[in-house]
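Chain residues, written in single-letter form:
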Amino acid sequence: MRKKVLVTGGAGFVGSHLVDALVRDGEEVVVLDNLEYQVHEGRLPGYLNPGAKYVFADVTDGEALERALEGCEVVFHEAAAVGVGQSMYQVEKYMRVNAIGTAKLLDLLVNREHDVEKLVVASSMSIYGEGKYECADCGIVYPRLRPREQLAARDWEVKCPTCGLALKPLPTDEGKPLFPTSIYAMSKRDQEEMSLAIGKAYGIPTVALRYFNIYGPRQALSNPYTGVCAIFSCRIRNDNPPVIFEDGLQSRDFVSVQDIVRANLLAMESSGADYRALNVGTGRPTSIGEIAQVLIRLYGKRLKPKVANKYREGDIRHCYADITAISALGFAPQVAFEEGMRELAEWVGLQPECQVADRFEKAQRELERRKLTL
Ligand code: UD1
């Protein structure tokens, strides 16, 4: 049966790929998106799917949201402000867009007549803070951010908070206590918890997908607050070496946007996902140094990454997903790392110069001015 589906943030990176998949599957798709200037720079993205209906308004605009929601049976809530560093000096904006925007949506679901049978919200691995670790003496540990003195001494690996031994990173499961370390992460935690609480209270099946580090075509490139794959891509395409914070051995779980779309479709279809928060990643850690090497190779450049040996405020050392829970519902990442990186590099190679401006140094100066690096 054809469903009517609302995708907030449907002109963005994740949202637009999801819209393509939903239109392909024959659903009736409505998009609510404000075409955020920092992402779209005043341009209408060329990839907007003509099979969807677009409402260009902010997610905090209750009236527009109500109009967009009319008759929708499924809501994918992808609209968000996404710069972790930036959230530390635009505190109100991040809470307004991410937390209050979600609150407005929930208010509509609670106080107005609607047809929504499923709500899927975009959560983030950033709500974990540091990942899960094992200490040879103390067992499983959930460390907080590394102490300042340790970072100042350029001693990068996480130590056991009890005995000081070096720790081994483990896959992080959904049961790990949440220690968000940025305003962005707090706004995402609030969004997730509010959505699940309202969903449960009113019997609206709700799923929070905790995205790990997403990469792929349509990633905002020039936005200096975007993720590391986009930043490195812009640096390399402009013949500048990627700058690696710390020593390059810090790791993340890089997941292709195509797999993120698959997880969303699964969350829509599967009642087993209802009222749960689920990790979406590959279950595989990759170091930032390796990302730099692979991208340099794929762009065919002779550059050497610059290891800054600096700390970016709020950064964690390691976190990769335990995907047991979502795998039990039938999810399996299908894009292999190399293949996904190649797809990203090919797409970046096709972008016009104006869209791959390298704003890294400007953003870096801003972080330094605000003492957000060490
Ligand atoms: C990222 C996203 C966050 C999202 C989360 C999960 C950003 C800014 N952060 O957080 O929104 O919720 O994934 O999907 O989009 N690094 C460098 N050099 C650079 C940039 C980064 O060495 O030029 C390093 C960082 O110090 C860090 C790692 O790369 O160790 C990853 O950084 P980043 O891509 O910003 O991701 P997260 O902080 O994990």
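Residues numbered from 1 in each chain as written. Predicted model: local features only at pLDDT ≥ 70, side-chain atom pairs only at ≥ 80, totals over all residues. Heavy atoms only, no water.

**Looking at the side chain of D259**
Phase 1 of the analysis: With respect to the helices, strands and loops of the structure, D259 is situated in helix α9 (residues 257-269).
Phase 2 of the analysis: Discounting residues that sit within four places of it in the chain, D259 has contacts with V280, F331, A332, P333, Q334 and V335. (Helix = DSSP H or I, 4+ residues; strand = E, 2+ residues; numbered from the N terminus. Contact = heavy atoms within 4.5 Å.)

**As for the pairing of strand β4 (residues 74-77)**
Phase 1 of the analysis: Here β4 shows two buried faces, one formed by V74 and F76 and the other by V75 and H77.
Phase 2 of the analysis: Across four bridges, the pairing between strand β1 (residues 4-8) and β4 is parallel. Bridge pairing in β4 places L6 opposite V75.
Phase 3 of the analysis: In terms of strand pairing, β4 meets strand β5 (residues 118-124) through four bridges, oriented parallel. (Buried < 20%, exposed > 50% of the residue type's maximum accessible area, 1.4 Å probe, protein only. Pairing = 2+ DSSP bridges.)

**Remarks on the site of the ligand**
Phase 1 of the analysis: Around the ligand sit 24 residues, and of these S124, F212, V228, R252 and D315 come closest.
Phase 2 of the analysis: Between the ligand and the protein, one listed contact pairs an oxygen atom with a side-chain N or O atom of Y184 at 3.1 Å.
Phase 3 of the analysis: Computed on the free molecule, the ligand has an accessible area of 730 Å², of which 92% lies beneath the protein chains in the complex.
Phase 4 of the analysis: Contributing elements (two or more residues each) for the shell around the ligand: α8 (228-237) and β11 (243-244).
Phase 5 of the analysis: For the shell around the ligand, the leading source of residues is α8, giving three residues.
Phase 6 of the analysis: Looking at the shell around the ligand, its residues break down into 15 nonpolar, six polar and three charged. (Near = heavy atom within 4 Å. Polar contact = N/O pair within 3.5 Å; in protein donor to acceptor, adjacent residues only side chain to side chain. Areas by Shrake-Rupley, 256 points an atom, 1.4 Å probe, with all protein chains shown as cover. Nonpolar A, V, L, I, M, F, W, Y, C, P; charged D, E, K, R; others polar.)

**Some details on the environment of L170**
Phase 1 of the analysis: By the secondary structure assignment, L170 is in strand β8 (residues 168-170).
Phase 2 of the analysis: Residues L170 and G85, 85 residues apart in the sequence, show an inter-C-alpha distance of 26 Å.
Phase 3 of the analysis: In contact with L170, not counting residues within four places along its chain, are K132, Y133, E134, I140 and Y320.

**Topic: the domain arrangement of the protein chain**
Phase 1 of the analysis: Along its sequence, the protein chain is carved into domain 1 (4-131 + 172-369) and domain 2 (132-171).
Phase 2 of the analysis: With centres defined by C-alpha atoms, the gap from domain 1 to domain 2 works out at 28 Å.
Phase 3 of the analysis: On the side of domain 2, 16 residues touch domain 1, which itself brings 22 residues to the contact.
Phase 4 of the analysis: On the domain 1 side of the contact with domain 2, E130, F179 and Y311 bury the most area, a combined 29% of that side's loss. (Domains from an automatic or database assignment. Buried area = accessible area lost by both parts, 1.4 Å probe.)

**What to know about the nonpolar core**
Phase 1 of the analysis: Ranked by internal contacts, the top residues of the largest apolar core, which has 41 residues, are L22, F76, L209 and I326.
Phase 2 of the analysis: Among the elements that line this core, the one with the most residues is α9, at eight residues.
Phase 3 of the analysis: With sequence-adjacent residues up to four places away left out, L22 is seen in contact with V5, V7, E27, V29, F76, L265 and M268.
Phase 4 of the analysis: If you look at the next biggest cluster of nonpolar residues, it comprises 29 residues, including V75, Y94, V97 and L106. (Core = buried A, V, L, I, M, F, W, Y, C linked by side-chain atoms within 4.5 Å.)

**As for the packing of aromatic side chains**
Phase 1 of the analysis: Tallied over the entire structure, the rule returns three aromatic pairs.
Phase 2 of the analysis: Seen in terms of ring centroids, Y54 and F56 are 5.8 Å apart; in terms of plane orientation they differ by 20 degrees. Their pairing is stacked.
Phase 3 of the analysis: With relative accessibility at 21%, the residue Y54 sits in the partly exposed group.
Phase 4 of the analysis: Judged by its relative accessible area of 43%, F56 falls in the partly exposed class.
Phase 5 of the analysis: Between the aromatic rings of Y128 and F212, the centroid separation amounts to 6.3 Å while the plane-to-plane angle is 40 degrees, which identifies the pairing as tilted. (Phe/Tyr/Trp six-rings, centres within 6.5 Å; stacked < 30°, edge-to-face > 60°.)

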